[in-house]
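So you can see what is in the structure, the chains are spelled out below.
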Amino acid sequence: MRNPVIRVPFVDLKAQYAGLREEMNKAVQNVLDSGHFVGGPVLEKFEREFAEFVGANYCVGVANGTDAITLAARVADLGRGDEVLVPANSFFATAEAISNAGATPVFVDVDPTTFHMDPALAEEAITSRTAAIVPVHLYGRAMNLEPFEALAAKYNLLIIEDCAQAHGASIGSTRIGSSGRLTCYSFYPGKNLGAYGDGGAITTSDPHLTKQLRILREHGSPAKYEHSVVGWNSRLDALQATVLSVKLPHMTKWNSARRDHAKRLVGALTGSPIIPPVIPEGDEHVFHLFVVRCSCRNELKQFLEQKGIQTGIHYPVPLHLTGAYQALDAPGPRSKPVTEGLASEILSLPMYPELSEEQISDVISALQEFIHLFRPTTPRDFMTEPASQTISYNI
Ligand SMILES: *Cc1c(COP(=O)(O)O)cnc(C)c1O
């Protein structure tokens, strides 16, 4: 079949730049003229602004979101012999960062409505070697960390938050990052706050950890040519910092545009066999991704693509089944039925602030047409139906 014209791309970074062009060009030009490309006032300014945005005392810019998690783990002294609980449904980097710190990720299945780490299963996975938990605020939805805080207190564990998909998300009136804990962000271009290259940050309210993180990101160096520990070269450069400073004041508006789009899509899908995400009441979900569930996901994906609507799958392979981790002799049950079931039913629809009214209407009509033509069954209930059950497709 002929390739369809793309009407709704999955991400559209050009659309956002078009709205910022003048301001952005000026800011980038200023950095070029300053000749100051690594560290310095432009970085410090962004670090202050971002700490204020999330409600933490400190922010340490680093090279990317993966390094943010690795450095957070190392500064908290996690390493060889330590087991760290991570969700089986996340981007690979959550686990990779823990491995790169020298510790062992232990995968925990997720809750079937939030798709976030299930606290009861997390408790089952705890052993005498468990040292930390990494909750991931996946898809932009802030997790309720209370059950994990209870586990941390009971078993003396550390919590490091992976906030790579949830800049500005809140639970109630509490913004993620304001807990004072080590919270890790990515500024990869497609994230809610994205640089024009790689970037990341750790926020915390602990001045001692902040000082140590600044040493770790800079070759273990507290002062020029002094090296107190073996560290990393993991810096957020001045060009990326200035790009992020230009974008940051727009975040509240952008996140609320994402929520508005999400409400329209949820409204159109409620009661249909394409199950939309839950918009939690009173919390600020920032919809990094808009993930639906459908019993005939592959057919839906193909149908939308033929209509010029690009989609994604987050994530097609559960972390414990990736080539890198499938051989890991991890404690706990091997199978994660919820994550494994989701992997074949989830689909991410286009979601970004710059989506036009017309594009959203196109997406909604295509979804409705699919439901009418294909009559998918309602996805199975992971809590009551066994994983082995075959799913019937009404096609
Ligand atoms: C993007 C992402 C990361 C890693 O960030 P990079 O900047 O790409 O290294 C980590 N965790 C999650 C959940 C992510 O989405």
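Rules used in this analysis
- Residues numbered from 1 in each chain as written.
- Predicted model: local features only at pLDDT ≥ 70, side-chain atom pairs only at ≥ 80, totals over all residues.
- Heavy atoms only, no water.
- 1 Å grid on protein atoms, 1.4 Å probe; cavity = no way out; pocket = protein on both sides within 12 Å on 5 of 7 lines; lining within 4 Å.
- Points joined across faces, edges and corners; volume = space filled by probe spheres on them.
- Helix = DSSP H or I, 4+ residues; strand = E, 2+ residues; numbered from the N terminus.
- Nonpolar A, V, L, I, M, F, W, Y, C, P; charged D, E, K, R; others polar.
- Domains from an automatic or database assignment.
- Salt bridge = Lys/Arg side-chain N within 4 Å of Asp/Glu carboxyl O.
- Buried < 20%, exposed > 50% of the residue type's maximum accessible area, 1.4 Å probe, protein only.
- Axes fitted to C-alpha atoms, helices over the stretch in contact; angles between N-to-C directions.
- Parallel < 35°, antiparallel > 145°, perpendicular 65-115°, else oblique.
- Left-handed = near helix turned anticlockwise from the far one by under 90°.
- Contact = heavy atoms within 4.5 Å.
- UniProt positions renumbered as here; feature names shortened; annotations may be inferred.

Student: So what about the layout of surface pockets? Which residues, and what values?
Tutor: The computed volume of the largest pocket comes to approximately 670 Å³. Lining of the largest pocket is provided by 39 residues; of these, S186, Y188, G190, K191 and H288 occupy positions nearest its centre. Considering every element that reaches the lining of the largest pocket, the biggest residue donor is helix 3 (residues 65-75), with 3 residues. Its residues assigned to classes, the lining of the largest pocket shows 18 nonpolar, 14 polar and 7 charged. Lining of the second largest pocket is provided by 20 residues; of these, P112, T113, F115, P276 and P277 occupy positions nearest its centre. Here the residues of the lining of the second largest pocket are counted per class, giving 13 nonpolar, 3 polar and 4 charged. Counting the residues that make up the lining of the second largest pocket, at least three belong to each of domain 1 (13-249) and domain 2 (250-394).

Student: I'd like to hear about the pattern of salt bridges, residue by residue, with values.
Tutor: Using the criterion set out here, one finds 14 salt bridges in the structure. The partner of K154 in a salt bridge is E123, and the shortest N-O contact between them spans 2.8 Å. One end of the pair, K154, is in helix 6 (residues 146-155); the other, E123, is in helix 5 (residues 119-124), with 31 residues separating them in the sequence. Here K154 falls in the exposed class, since its relative accessible area comes to 58%. In this structure E123 comes out as partly exposed when scored by relative accessible area, which is 27%. In this structure, the salt-bridge partner of K301 is E305, at a minimum N-O distance of 3.5 Å. Separated by 4 residues within a single helix, K301 and E305 lie in helix 10 (residues 297-306), roughly one turn from each other. What makes K301 buried here is its relative accessible area of 19%. Several salt bridges converge on common partners, so that one network encompasses E47, R214 and R217.

Student: Explain the packing of helix 3 against helix 7 (residues 207-216) residue by residue, including any values.
Tutor: Viewed as axis vectors pointing N to C, helix 3 and helix 7 meet at an angle of 120°, and their least axial separation amounts to 10 Å. Here helix 3 is positioned oblique relative to helix 7, judged by the angle of their axes. In terms of crossing hand, the pair formed by helix 3 and helix 7 is right-handed. The residues of helix 7 that touch helix 3, namely those facing L71, A72, R74 and V75, are L209, Q212, L213 and L216. In terms of residue class, the contact of helix 3 with helix 7 is built from 6 nonpolar, 1 polar and 1 charged.

Student: Kindly report on the UniProt feature "active site" (unreviewed entry) in the protein, identifying the contributing residues and their values.
Tutor: Taken from the UniProt record, the annotation "active site" (unreviewed entry) applies to K191. In this fold, K191 is placed in the loop between strand 9 (183-186) and strand 10 (200-204). For K191, a relative accessible area of 15% puts it in the buried group. Among all residues touching K191, those that are not within four sequence positions of it are A164, H167, S186, R258 and H288.

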